[in-house]
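Summary of structural features
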Amino acid sequence: RTVDYVEIFSLTRLRVAALAWMLLVGIGLVLICWRILRGKSASWLINANVATAGALLTAACFVDLGAVTTTWNVRHAREAGGTGPAIDLCYLDRLGQSALLPLIAIEPRIADPERRERAIWLRDREMRLLSFQQRDWRSWTWRGARRLERAQAVLGSKPVRPRDPAYRDCGGIIPLPAPAPSVPPATAPGQAPAPAETAPPAKSALTEEKSR
């Protein structure tokens, strides 16, 4: 079922975590069967499961799951000729710099000019932010330096800039202007404001009976 969700709604970091958990469960069942067949002790089974979980968590520390998910989604996106759904720019926006290289790859393949402009804006923002961070030794990372080097090699010296560099919402969408507040009509100096019109009070049944 998780694989079906990935094919229909694309891949996310939580779905990668769910698949990794299912892998651990499957390995645990295999280890149980191996213990029964080989007559291993309960301590061997516990140590084997702990070692398997530790190896998987250690490998996950060196993998950028955001980059893995976005790369997979871009390769299978509808814009790239794949069988997956259209690329979700809002999700790429939430992943930040992990989505920089996949954004560069999908940007020229987006046919819709409005969506392409949104992708250009997202890519330009993440590129400028990453460049600023790598110039500061306190925020410099090996992964960020490699990512920036690859992005500059693909884009060249004159990358496409967004037409409107102003702030945007999720996925590069230009926010709608706030509605103007309603202003009461002005009154002349020294003139009291006109009282609000109110509906006449309804007559009670007792009052109608007395009037008769």
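For the structure itself, look to the data block above.
Residues numbered from 1 in each chain as written. Predicted model: local features only at pLDDT ≥ 70, side-chain atom pairs only at ≥ 80, totals over all residues. Heavy atoms only, no water.

Side note on the overall build of the protein
The number of helices and strands found in the protein is 9 helices and 0 strands. Looking at the 212 residues of the protein, the share that counts as buried comes to 28%. Within the protein, contacts between residues separated by at least 24 positions form 62% of all contacts whose residues are at least 6 apart in sequence. About 15,200 Å² of surface is accessible on the protein, with carbon and sulfur atoms providing 63% of the total. (Helix = DSSP H or I, 4+ residues; strand = E, 2+ residues; numbered from the N terminus. Buried < 20%, exposed > 50% of the residue type's maximum accessible area, 1.4 Å probe, protein only. Contact = heavy atoms within 4.5 Å. Areas by Shrake-Rupley, 256 points an atom, 1.4 Å probe, with all protein chains shown as cover.)

A look at the environment of Thr70
With respect to the helices and strands, Thr70 occurs in helix 4 (residues 65-75). Residue Thr70 is classed as buried on the basis of its relative accessible area, which comes to 0%. Residues Thr70 and Arg13, 57 residues apart in the sequence, show an inter-C-alpha distance of 9.4 Å. In this view, Thr70 contacts Leu92, Leu95, Ser98, Ala99 and Pro102; residues no more than four positions away in its chain are not counted. Within the structure, Thr70 has its side chain in polar contact with the backbone oxygen of Gly66 (distance 2.9 Å). (Polar contact = N/O pair within 3.5 Å; in protein donor to acceptor, adjacent residues only side chain to side chain.)

Considerations on helix 2 (residues 13-38)
Helix length check: helix 2, at 26 residues, gives a terminal C-alpha distance of 37 Å against a target of 38 Å (1.5 Å per residue), a fit within 8%. Just downstream of helix 2, Gly39 is the residue with a positive phi angle, here 70 degrees. (Expected span 1.5 Å × (residues − 1).)

Quick word on the packing of helix 2 against helix 3 (residues 42-61)
One can describe the packing of helix 2 onto helix 3 by two numbers: an axis separation of 10 Å at closest approach and a directional angle of 155 degrees. As the angle between them shows, helix 2 and helix 3 are arranged roughly antiparallel. Crossing of helix 2 over helix 3 shows right-handed handedness. Along its contact with helix 2, which presents Ala20, Leu24, Ile27, Gly28, Leu31, Ile32, Trp34 and Arg35, the element helix 3 presents Ala42, Trp44, Leu45, Ala48, Asn49, Thr52, Ala53 and Leu56. Here the residues of the contact of helix 2 with helix 3 are counted per class, giving 12 nonpolar, 3 polar and 1 charged. (Axes fitted to C-alpha atoms, helices over the stretch in contact; angles between N-to-C directions. Parallel < 35°, antiparallel > 145°, perpendicular 65-115°, else oblique. Left-handed = near helix turned anticlockwise from the far one by under 90°. Nonpolar A, V, L, I, M, F, W, Y, C, P; charged D, E, K, R; others polar.)

Regarding the state of the cysteines
Disulfides are covalent bonds that connect the sulfur atoms of two cysteines. Applying the stated rule across the entire model yields 1 disulfide. Across the disulfide, Cys90 is cross-linked to Cys170 (sulfur-sulfur distance 2.1 Å). Taken as a pair, Cys90 in helix 5 (residues 89-95) and Cys170 in the loop between helix 8 (142-155) and helix 9 (205-211) lie far apart in primary sequence, 80 residues in all. For Cys170, a relative accessible area of 32% translates into the label partly exposed. (Disulfide = S-S within 2.5 Å.)

Quick look at the pattern of salt bridges
Under the defined criterion, the tally for this structure stands at 11 salt bridges. Ionic pairing is found between Arg147 and Asp64, a salt bridge with its closest N-O pair at 2.6 Å. One end of the pair, Arg147, is in helix 8; the other, Asp64, is in the loop between helix 3 and helix 4, and 83 residues separate them in sequence. Arg147 sits in the buried class, given a relative accessible area of 12%. You can call Asp64 buried: its relative accessible area is 17%. Here the salt bridges share partners, and the residues they tie into one network are Asp93, Arg125 and Glu126. (Salt bridge = Lys/Arg side-chain N within 4 Å of Asp/Glu carboxyl O.)

Considerations on a nonpolar patch on the surface
A contiguous nonpolar patch, built from Val3, Leu19, Trp21, Met22, Val25, Leu29, Ile32 and Ile36 and spanning about 780 Å² of accessible area, is present on the exposed surface. Relative to the elements of secondary structure, Val3 occurs in helix 1 (residues 2-9). (Patch = residues over 30% accessible without salt bridge, like charges linked within 9 Å, V, L, I, M, F, W, Y side chains within 5 Å.)

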